[in-house]
Amino acid sequence: MFDPLETLKKYISFPSVSTDPAYGEGMQGARDFLTQLFESMGLEVEVVKTPLHPIILAKRVGKPEWPHVVVYGHYDVQPADPFELWDSDPFEPTVLGHHLYARGSADNKGPFMVHVSAVAQLLNENPDIPLRITFMVEGEEEMGSPSFAGFLDAYKDTALKADMILLSDTSSPSSDQIAITTGLRGLVGLEVFLKGPKMDLHSGVHGGAVYNPVQALVELCASLHDEAGRVNIPGFYDAVVDPEDWEREEVNKVPTTEAEYKAFLGVKDFYTMKGFSPFEAVRFAPTLDFNGISGGYQGEGSKTIIPAQASIKITMRLVPDQDPQTIAELLKKTLQERCPKGVEISFGKPEGGAAYRVLPPFKSGKEENSVLAKAFKGADRAIEDVFGKKPLYLAEGGSIPIIAKIKDVTGLDCLMLGLSTVESNWHAPNENFDLEMMDKAIQVSKQTLKACCS
Ligand code: BES
Ligand code: MN
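Just so we're clear, the structure is a prediction, and the values are computed from it rather than from any experiment.

## Here's the deal with the overall build of the protein chain
Okay, step 1: Within the protein chain one finds 12 helices and 19 strands.
Okay, step 2: Here the C-alpha radius of gyration of the protein chain, 23 Å, is about what a compact globule of 454 residues would show, namely 22 Å.
Okay, step 3: Referenced to the eigenvectors of the C-alpha coordinate spread, the extents of the protein chain come out at roughly 80 × 50 × 45 Å.
Okay, step 4: Counting the 454 residues in the protein chain, one finds 53% classified as buried.
Okay, step 5: For the protein chain, the share of sequence-separated contacts (at least 6 apart) that also reach a separation of at least 24 residues comes to 79%.
Okay, step 6: For the protein chain, the centre of its 43 positive side-chain charges and the centre of its 64 negative side-chain charges are spaced 4 Å apart.

## A short note on the coordination of the manganese ion (ligand 2)
Okay, step 1: All of the protein donors around the manganese ion (ligand 2) are His74 (NE2), Asp107 (OD), Asp169 (OD) and Asp169 (OD); their distances to the metal are 1.9 to 2.4 Å.
Okay, step 2: Its relative accessible area of 0% is what places histidine 74 among the buried residues.

## Considering the pattern of salt bridges
Okay, step 1: Counted by the stated rule, this structure contains 15 salt bridges.
Okay, step 2: Among the salt bridges present, the one from aspartate 153 reaches lysine 156, with a minimum N-O distance of 3.7 Å.
Okay, step 3: With a closest N to O distance of 2.8 Å, lysine 407 and aspartate 413 form a salt bridge.
Okay, step 4: For aspartate 413, a relative accessible area of 16% puts it in the buried group.

## Some remarks on a nonpolar patch on the surface
Okay, step 1: Taken together, Phe264, Leu265, Val267, Val422 and Trp426 make up a surface patch of nonpolar side chains, about 390 Å² in accessible area.
Okay, step 2: The residue valine 267 is located in the loop between helix H7 (258-265) and helix H8 (278-284) in this model.

## Focus: the layout of surface pockets
Okay, step 1: By volume, the second largest pocket amounts to about 300 Å³.
Okay, step 2: Considering the residues around the second largest pocket, the lining is formed by 20 residues, among which Ala354, Ala355, Ala404, Lys405 and Asp408 are closest to the centre.
Okay, step 3: Those elements that place two or more of their residues in the lining of the second largest pocket are helix H4 (148-155), helix H9 (324-338), strand E15 (351-353), strand E16 (356-357) and helix H11 (402-410).
Okay, step 4: Considering every element that reaches the lining of the second largest pocket, the biggest residue donor is H11, with 5 residues.

## Quick word on the site of ligand 1
Okay, step 1: As a structural note, the neighbourhood of ligand 1 is formed by 16 residues, with Glu141, Asp169, Arg317, Ser399 and His427 the closest of them.
Okay, step 2: At 3.3 Å, a side-chain N or O of histidine 74 approaches an oxygen atom of ligand 1.
Okay, step 3: Contact with the protein chains hides 88% of the accessible area of ligand 1, taken as 520 Å² for the molecule alone.
Okay, step 4: Across the shell around ligand 1, the residue classes break down as 3 nonpolar, 7 polar and 6 charged.

## A word on the sheet that holds strand E19 (residues 432-434)
Okay, step 1: Spatial ordering of the open sheet is given by E4-E5-E19, a layout of 3 strands whose pairing is antiparallel. The strands lining the two open edges of the sheet, one partner per strand, are strand E4 (94-96) and E19. Direction aside, neighbouring strands of the sheet carry axes that sit 25° apart on average.
Okay, step 2: When strand E5 (residues 99-101) meets E19, the two strands line up antiparallel, connected through 3 bridges. Within E19, the residue paired with leucine 100 across the bridge is phenylalanine 433.
Okay, step 3: In the packing of helix H3 (residues 105-125) onto the sheet, contacts are made with E5 and E19, and the angle to E19 comes to roughly 35°.
Okay, step 4: Docked against the sheet, helix H12 (residues 435-452) engages E4, E5 and E19, running at close to 50° with respect to E19.

Conventions used here
Residues numbered from 1 in each chain as written. Chains lettered and ligands numbered in written order. Predicted model: local features only at pLDDT ≥ 70, side-chain atom pairs only at ≥ 80, totals over all residues. Heavy atoms only, no water. Helix = DSSP H or I, 4+ residues; strand = E, 2+ residues; numbered from the N terminus. Rg over C-alpha atoms; globule rule 2.2 N^0.38 Å. Buried < 20%, exposed > 50% of the residue type's maximum accessible area, 1.4 Å probe, protein only. Contact = heavy atoms within 4.5 Å. Lys, Arg positive; Asp, Glu negative; His and termini not counted. Charge placed at Lys NZ, Arg CZ, Asp CG, Glu CD. Donors = N, O, S within 2.8 Å, 3.2 Å for Na, K, Ca; no water. Salt bridge = Lys/Arg side-chain N within 4 Å of Asp/Glu carboxyl O. Patch = residues over 30% accessible without salt bridge, like charges linked within 9 Å, V, L, I, M, F, W, Y side chains within 5 Å. Areas by Shrake-Rupley, 256 points an atom, 1.4 Å probe, with all protein chains shown as cover. 1 Å grid on protein atoms, 1.4 Å probe; cavity = no way out; pocket = protein on both sides within 12 Å on 5 of 7 lines; lining within 4 Å. Points joined across faces, edges and corners; volume = space filled by probe spheres on them. Near = heavy atom within 4 Å. Polar contact = N/O pair within 3.5 Å; in protein donor to acceptor, adjacent residues only side chain to side chain. Nonpolar A, V, L, I, M, F, W, Y, C, P; charged D, E, K, R; others polar. Pairing = 2+ DSSP bridges. Axes fitted to C-alpha atoms, helices over the stretch in contact; angles between N-to-C directions.

Structure follows, in structure tokens:
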């Protein structure tokens, strides 16, 4: 049997940044590491080639009548920069108190390793446990999973012929108030390019004669929200479904106060859509964000030019039932209509995934005996046993775009256990994973998997 912490440290030491080709070796290292680990557990491993980063499947096969749980994870991580803001080397796992610091420790290597450890322990304790398990670990989550749709088509009738998906890639309110995640926002991104004159111009010689593309860009951007903080794109809210009462009630049980949240964020005030508390807004309101803007002179000092071009990266978080492609088209149409003559607008290819909701079986009011219902019940009980408090059932603001796609193609639903907190610093310097939570969560995962085959 392996040691969960030592194994996690080794896994984390591979710098598996999917978006940057310079980290190819780190990606390969993480894959080889997982392959060996799964093989050491007696699982059948298949490394599935894709156009970009391979997907790893590791199966504990068994009788066809046994329940089949697919455990999802991603071995890729976000880039670690800015490196200078880390207190330790991001790819040198560092334990301080009961936290493990490293890029990918919380998103998603630590939480995924919880389930791997649980399965290893279960198989060790009961080699005959009547449960089929498939680990499905992708390497492109942090870049929007471009290869996943193809994989899904090819494997929907084999590896994904299952009863449910189990994953931990979301958060909890605190390390002793665990959440079972019941929703994810969708995400669609679009890059926008504006072209003005054919070259940078002297702003004295030509200023006054042409529309400055940076001016056009900021005017267009400013038009995309109204005074109430709503996204100002005609049709943007048409498909939005309001959250159910129980979803809002669960959010109201989150033990954080607005003052604490403000202090955590380091802002003097919130900016939320009318009718939503900040805790509701991040879960139930769709948004449009500017992630990065460029154009004109960025160097030291000044430069008197009218730049030839400007561009911006926009992403929108979506809620049920907004369709990513439709929303991207609405944004394009709106920008095209509002773009001044004299400036040319063009767009990148929109990429995205829809929002996801799962109704916890006991909230549906019907008595259910599905594997998913058993898993939810098992997890609920185990969380109370091990953490001392019942879980909250919370929708989340973050996105795992493939989850809605999997549901669409296979009909499978997910049990998502939140095993990080806002203090985990996902995508930020000093990302960390709570090791006390890890130990407890392994127990929860074991009890949940046992409940699936009870
Ligand atoms: N694990 C996160 C998503 C997440 C974080 C959900 C915290 C809930 C709470 C995931 O790896 C992630 O960061 N996803 C990206 C998707 C994108 C890069 C396509 C996101 O949400 O920005
Ligand atoms: Mn993640």
